[in-house]
Structures are given as structure tokens and as C-alpha cells.
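What follows is the residue order along each chain.
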Amino acid sequence: EALLPSGLISSRTILTLELWFQTNTGGVLFGCQSAAYPTTPSNYAPVLYVGTDGKLRGEFYNGVAASPITTSGTVNNGAWHHVALVGNVNVQSMYLDGVVVNPTPLSGTINHLNMTYNQIGMGRSGDVWPASPTQWWSFGGQIDEVRLWNVVRTQQQIQADRSRILSGYETGLVGYWRLNEGSGQVVHDSTPSANHGQLGIG
């Protein structure tokens, strides 16, 4: 698990979050909360997670309802998968391995409330979030190539770049964590933004 600089998600309503993952179990791939681990937050959103039923879910919170976009099939099969969650103010779409999960976008204006804390591989879940325990929930598996954009990425762009190593200087790219450090406690951001993270929060 890696704690990232505060406000990376909560400051945006136009954004694309994408990453690769592999699991036989599940957990939170990317979480946002009003408090950092292990404090119990008043508000929280497991933005991307693989539920206890093995299905992938994603939603940038809209301040009203926890109604994440959900895959029809399971992804806890030990294979590597790519996910991209795209938010455009009042609509959201999710892509699994380059294919749209919800042909009709999820509606509702994105509102992150006071959830300024954000991290990779850990998040608070439960209550109104389906197929998740009410606790801090770490991801059981591997995560790679995490990318945060401040633009709406199209399906064509997601398909073209998901298997490609980026330079870090692409237009709209504000965070790029390759997670290939091998040692140390710093998760390096490969963009000029220098949004480096800290390992070992859970």
C-alpha cells in the first residue's frame, strides 16, 4: 500500500484513473477518505475495488449514492487486468481491458466531499459499498502502472496506451506510479509533478 500526496483525486471532477492489477482474492485498488489509515474516516470511497464476489467496481463518489459501476463477470482469476475509470463532471465510465463496462454512463455530479486522503492498494470500505467489508481493506494481489490524468481519456486512447510505457510527460498526465522501485519506502511519480508516495501504510 502507498499513501499519495493529499488532494490528487478530491481536487478534480474531470479525471481518468487507470492501473493494472492481478488478484485471486480482492480488495481496494485505490481509495479516498476524509482521514488517513488507520483512523476511521467520516467519509470514504473505495474508488476502484475487487469485491468479495470477485467483481470489479468503480466510482468517483457523487456525494449522493454509492452505486459503483460493476463488471458482470469476475476478475479474481489470477490473470492481469487493466482498468480505467473516467469521470467527466456528471458522468462516469469504466473500462476493463479496454472494453467499456457500462455502455450507459453512470450519472451524478462528482463530489468528493472532504475525502482528501488517497492511496494505492488500501481503502476504507463497507456500509453502502456493495460486496465489501466494513473496515480498512487492503488489496490482496499485485498493482502496476498506476496513472492519473486531469483529462477525459477516450476508449481509443485507453486501448492504445494501456500496454505501453509512458514517458511521464504526456499531456494531462498528473501522476504516474510505475511501482517498479524494488526497494525503499518511496513510490516515485514519473511525471514532472513529483507526486511521490510513501509505502507501508497498512
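Residues numbered from 1 in each chain as written. Predicted model: local features only at pLDDT ≥ 70, side-chain atom pairs only at ≥ 80, totals over all residues. Heavy atoms only, no water.

Engineer: What is the right way to read the overall build of the chain from this model?
Structural biologist: In terms of helices and strands, the chain carries one helix and 17 strands. The dimensions of the chain, computed from C-alpha atoms along their principal axes, are 40 × 35 × 35 Å. Buried residues in the chain amount to 50% of all 202 residues. Entry remark: accessible area of the chain is about 8,100 Å², with carbon and sulfur atoms responsible for 49%. (Helix = DSSP H or I, 4+ residues; strand = E, 2+ residues; numbered from the N terminus. Buried < 20%, exposed > 50% of the residue type's maximum accessible area, 1.4 Å probe, protein only. Areas by Shrake-Rupley, 256 points an atom, 1.4 Å probe, with all protein chains shown as cover.)

Engineer: Explain the side chain of Asn 102 here, please?
Structural biologist: Relative to the helices and strands, Asn 102 is located in the loop between strand 9 (99-100) and strand 10 (106-107). By relative accessible area, Asn 102 is classed as buried at 10%. Polar contacts involving the side chain of Asn 102 include one to the main-chain carbonyl oxygen of Gln 92, which spans 3.1 Å. In contact with Asn 102, not counting residues within four places along its chain, are Ile 69, Gln 92, Ser 93 and Met 94. (Polar contact = N/O pair within 3.5 Å; in protein donor to acceptor, adjacent residues only side chain to side chain. Contact = heavy atoms within 4.5 Å.)

Engineer: Can you walk me through the packing of aromatic side chains in this structure?
Structural biologist: Within a pair of aromatic rings, the relevant descriptors are the distance that separates the centres and the angle that separates the planes. If you walk through the whole model with that rule in mind, you get four aromatic pairs. Here Tyr 61 and Trp 129 contribute two aromatic rings whose centre-to-centre distance is 6.2 Å and whose plane-to-plane angle is 55 degrees, an arrangement assigned as tilted. Remark: Trp 129 occurs in the loop between strand 12 (122-124) and strand 13 (136-138) and Tyr 61 occurs in the loop between strand 5 (55-58) and strand 6 (69-74); sequence separation between them is 68 residues. Summarising the burial analysis for this pair, Tyr 61 and Trp 129 share the class buried. One cation-aromatic arrangement involves Arg 124 over Tyr 44; the distance from NZ or CZ to the ring centre is 5.6 Å. Its guanidinium or amino end placed over the ring of Trp 149, Arg 153 lies 3.8 Å from that ring's centre, counting from NZ or CZ. (Phe/Tyr/Trp six-rings, centres within 6.5 Å; stacked < 30°, edge-to-face > 60°. Lys NZ or Arg CZ within 6 Å of the ring centre and 35° of its normal.)

Engineer: Quick question: what am I supposed to make of the environment of Leu 15 here?
Structural biologist: Within the element layout of this structure, Leu 15 appears in strand 2 (residues 14-23). Separated by 70 residues in sequence, Leu 15 and Leu 85 place their C-alpha atoms 8.3 Å apart. Setting aside chain neighbours within four positions, we find Leu 15 in contact with Ile 9, Phe 60, Leu 85, Val 86, Gly 87, Ile 110, Leu 148, Trp 149, Asn 150 and Val 151.

Engineer: How should I be thinking about the pattern of salt bridges in this particular structure?
Structural biologist: Between side chains of opposite charge, a pair can form when the charged atoms approach closely. Counting across every chain of the model gives five salt bridges. Asp 53 is the partner of Arg 57 in a salt bridge, and the nearest nitrogen-oxygen pair spans 2.9 Å. The exposure class assigned to Arg 57 is buried, which follows from its relative accessible area of 7%. (Salt bridge = Lys/Arg side-chain N within 4 Å of Asp/Glu carboxyl O.)

Engineer: What should I look at first to understand the environment of Ala 35 in this one?
Structural biologist: The residue Ala 35 is located in the loop between strand 3 (27-33) and strand 4 (44-50) in this model. Separated by 80 residues in sequence, Ala 35 and Met 115 place their C-alpha atoms 7.3 Å apart. In this view, Ala 35 contacts Pro 41, Tyr 117 and Trp 136; residues no more than four positions away in its chain are not counted.

Engineer: In this structure, what is going on with the environment of Lys 55? I would like to understand it.
Structural biologist: Mapped onto the fold, Lys 55 is located in strand 5. For the pair Lys 55 and Ser 132, spaced 77 residues apart in sequence, the C-alpha separation works out to 11 Å. Setting aside chain neighbours within four positions, we find Lys 55 in contact with Tyr 49, Val 50, Thr 70, Thr 71, Ser 72, Gly 73, Thr 74 and Val 75.

Engineer: In this structure, what is going on with the side chain of Asp 189? I would like to understand it.
Structural biologist: With respect to the element layout, Asp 189 can be found in the loop between strand 16 (186-187) and strand 17 (197-199). Buried charge without a partner: Asp 189 forms no salt bridge, and the closest opposite charge is Arg 12, 8.9 Å away. From its side chain, Asp 189 meets the backbone nitrogen of Ala 194 in a polar contact 3.4 Å long. When near neighbours in sequence (up to four residues on either side) are disregarded, Asp 189 contacts Val 174, Gly 175, Tyr 176, Trp 177, Ala 194, Asn 195 and His 196. (Lys, Arg positive; Asp, Glu negative; His and termini not counted.)

Engineer: Is there a simple way to think about the pairing of strand 5 in this case?
Structural biologist: Two faces belong to every sheet, and in a regular strand the side chains alternate between them. Pairing of strand 4 with strand 5, which is carried by three bridges, proceeds in the antiparallel orientation. In the sheet register, Leu 48 faces strand 5, and the bridge partner there is Gly 58. Hairpin geometry of strand 4 and strand 5 is characterised by an intervening segment of four residues between the two adjacent antiparallel strands and by a positive phi of about 85 degrees at Gly 54. Here strand 5 pairs with strand 6 via three bridges, running antiparallel. (Pairing = 2+ DSSP bridges.)

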